[in-house]
Amino acid sequence: MKKTLLFAALAVTVAAACSKTGSVPQEPADKGDAVPVLLSVSSPRSIEVKSTGAATQSWAGQTLNIYSYEAGVADYSAATAFIDNVETTAPSTGLVDAITLTNPSTQEPFYYAAGKYYDFFGYYIDDAATATPSVLADGVYVPFTIDGSQDLMVATSDKAADIEAANQTGTVTEDRVYSAYAARRNIQPKLVFKHQLARFTFEIVAGVESGNNVNVDGISIESVASGELKVVGADRGLANLASDKVELKLQEKSVNGAMQALTPVKPNAFDGSKTNVKSVGESLMVVPGEASYKLTVYTSQEGTQTAIAPLEWTLNIGDITGAPEGAVAFEAGYTYKVTIVVYGLEEVKITAELEEWKDGGSTIIDPDL
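The structure presented is a predicted model; accordingly, all values stated were derived computationally and were not measured.

Turning our eyes to something else, we now look at the overall build of the protein chain. What the protein chain contains, in helices and strands, is two helices and 27 strands. Across the 369 residues of the protein chain, 49% fall into the buried class.

To continue, consider the side chain of Q301. As for its position among the elements, Q301 is in strand β23 (residues 292-301). A polar contact of 3.4 Å, which involves the side chain of Q301, links it to the backbone oxygen of N213.

Position of D162 among the secondary structure elements: in helix α1 (residues 159-165). It is K190 that comes nearest to the buried, bridge-free D162 among opposite-charge side chains, at 5.3 Å. Aside from chain neighbours lying at most four places away, what touches D162 is S157, Y178, I187, Q188, P189 and K190.

Counted by the stated rule, this structure contains 14 aromatic pairs. Here F82 and F110 contribute two aromatic rings whose centre-to-centre distance is 5.8 Å and whose plane-to-plane angle is 75°, an arrangement assigned as edge-to-face. Here the residue F82 occupies a position in the loop between β5 (63-70) and β6 (83-89), and F110 occupies one in the loop between β9 (108-109) and β10 (118-124), the gap between them amounting to 28 residues. You can call F82 buried: its relative accessible area is 18%. Above the plane of the ring of Y181 lies R176, whose end atom (NZ or CZ) is 3.5 Å from the centre.

What follows is about the pattern of salt bridges. Within the structure shown, the criterion is met by seven salt bridges. With a closest N to O distance of 3.5 Å, K245 and E290 form a salt bridge. Of the two residues, K245 is situated in strand β19 (residues 245-249) and E290 in the loop between β22 (278-286) and β23; the sequence distance between them amounts to 45 residues. Residue class for E290 comes out partly exposed when judged on its relative accessible area of 25%. Sharing partners across several salt bridges, the network here consists of E222, K294 and E312.

Our next topic: the sheet that holds strand β18 (residues 237-239). The antiparallel open sheet is built from four strands, whose spatial order is β11-β12-β17-β18. In this open sheet, the two strands that pair with only one neighbour each are β11 (134-136) and β18. In this sheet, neighbouring strand axes are inclined to one another by 35° on average, regardless of whether the strands run parallel or antiparallel. Of the pairings in the sheet, the one linking strand β17 (residues 226-232) to β18 comprises three bridges and is antiparallel in character. By the bridge assignment for β18, E228 is matched with A239.

It is worth spelling out the environment of I187 at this point. Relative to the elements of secondary structure, I187 occurs in the loop between α2 (180-183) and β14 (190-195). Measuring from C-alpha to C-alpha, the distance between I187 and K159 comes to 8.9 Å, with 28 residues separating the pair along the chain. If we ignore the near neighbours within four places in the chain, the residues touching I187 are D162, I163, A166, Q168, V172, V177, Y178 and A182.

Turning our attention to unusual backbone geometry. With an omega of 0°, the peptide bond running from V177 to Y178 counts as cis. Within the secondary structure layout, Y178 lies in the loop between α1 and α2. Even without being glycine, N167 reaches a positive phi, approximately 55°. Summarising the element assignment, N167 is placed in the loop between α1 and α2.

Sheet topology note: the strand β16 (residues 214-224)/β23 ladder contains seven bridges and is antiparallel. When the bridges of β23 are listed, I219 appears paired with V297. Two elements, β23 and strand β24 (residues 311-316), share six bridges in a ladder whose sense is antiparallel. Bridging from a neighbouring strand, K294 pairs with T314 of β24.

Let us look at the nonpolar core. By size, the foremost hydrophobic cluster in this structure holds 49 residues, and its most contacted members are I146, F200, F202, V231 and L295. Here F200 is in contact with I221, S283, L284, V286, Y293, L315, F330, T335, Y336 and V338, once residues within four sequence places are set aside.

In spatial order, the strands read β19-β16-β23-β24; together these four strands make up an open sheet with antiparallel pairing. The sheet is open, and its two edges are formed by β19 and β24, each paired on a single side. On average, each strand axis in the sheet is tilted by 30° relative to the strand beside it, whichever way the strands run.

This part covers the environment of N103. Secondary-structure assignment places N103 in strand β8 (residues 102-103). Excluding its chain neighbours within four sequence positions, the residues that come into contact with N103 are E108, P109 and F110. From its side chain, N103 meets the backbone nitrogen of S105 in a polar contact 2.9 Å long.

Criteria and thresholds
- Residues numbered from 1 in each chain as written.
- Predicted model: local features only at pLDDT ≥ 70, side-chain atom pairs only at ≥ 80, totals over all residues.
- Heavy atoms only, no water.
- Helix = DSSP H or I, 4+ residues; strand = E, 2+ residues; numbered from the N terminus.
- Buried < 20%, exposed > 50% of the residue type's maximum accessible area, 1.4 Å probe, protein only.
- Polar contact = N/O pair within 3.5 Å; in protein donor to acceptor, adjacent residues only side chain to side chain.
- Lys, Arg positive; Asp, Glu negative; His and termini not counted.
- Salt bridge = Lys/Arg side-chain N within 4 Å of Asp/Glu carboxyl O.
- Contact = heavy atoms within 4.5 Å.
- Phe/Tyr/Trp six-rings, centres within 6.5 Å; stacked < 30°, edge-to-face > 60°.
- Lys NZ or Arg CZ within 6 Å of the ring centre and 35° of its normal.
- Pairing = 2+ DSSP bridges.
- Axes fitted to C-alpha atoms, helices over the stretch in contact; angles between N-to-C directions.
- Core = buried A, V, L, I, M, F, W, Y, C linked by side-chain atoms within 4.5 Å.

Don't take any of this as a statement about function, it's just geometry.
So, in structure tokens, the structure goes:
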């Protein structure tokens, strides 16, 4: 008799990235003195998933790239960047902090030119960049291909917020930042980074005692994986996405912190509660904007040679109860926690719930209904 594993229920919840305000104070310089550019960055609660399933929401020394152009550029391809894709390092901890930015040509800070006003942009692309940035009339684009483990973020500043943080509301207008004039009044850009992908995390739990012997060998989500990240100009974010979808596979961290293929994992011993969950792998970050995603779970049964066919499910945004009003697609900046309830060779059920960044809701998929 052919043996199969069944997945019977799935529930999803979501939570949102948010950021705190902050500023980098600077004593006003005497008029006419050269004034350096001082940057700070605000994290949208970048999340690093630990083996316990807990999440640390903090900067962790990531490599960031910074651009700056004079304000009001009409054609970026004809303009000269003030700061041209310069790498810097995010803070090692915390949500908001200053960063050090050095001019590669002089090994000194960048200095505002007298009488000029600038816009600032930043991005984080992990190791997903596949080519050097392209500068077009409407902005700067960075080609990428993701494998599901990378986080993509873009950033710019909020002029009104930076003016307010320096207690200069009503004194300095937005058209005079960012500049030497504004910097002398303690107004410096804070780059607010925002996630561009939707994120899924996974955990397993035994639903009955027979589930103790089931290995979860792999988990994947089908998603677009390549395109361009627009990092300068209007409408920053994902652009020129490929039409093909690929299977992005859940990975895990090795002992030295490198990403590697998922090691088969069994649930914790069944205790009757279905609450002693075990986190599986890191997370899968996928291109958002879809109303549904194909989820595939690969399993094997300890003690048997019978191959078990991959088990496929469709995650539908319409099945999520308590989702944000009007939600029609899985969105960037949201993380979805999927719990796989393992019932052994006879039956396996999945539940999933949406976890913080933004509160999303829950859904149930039951083939018996």
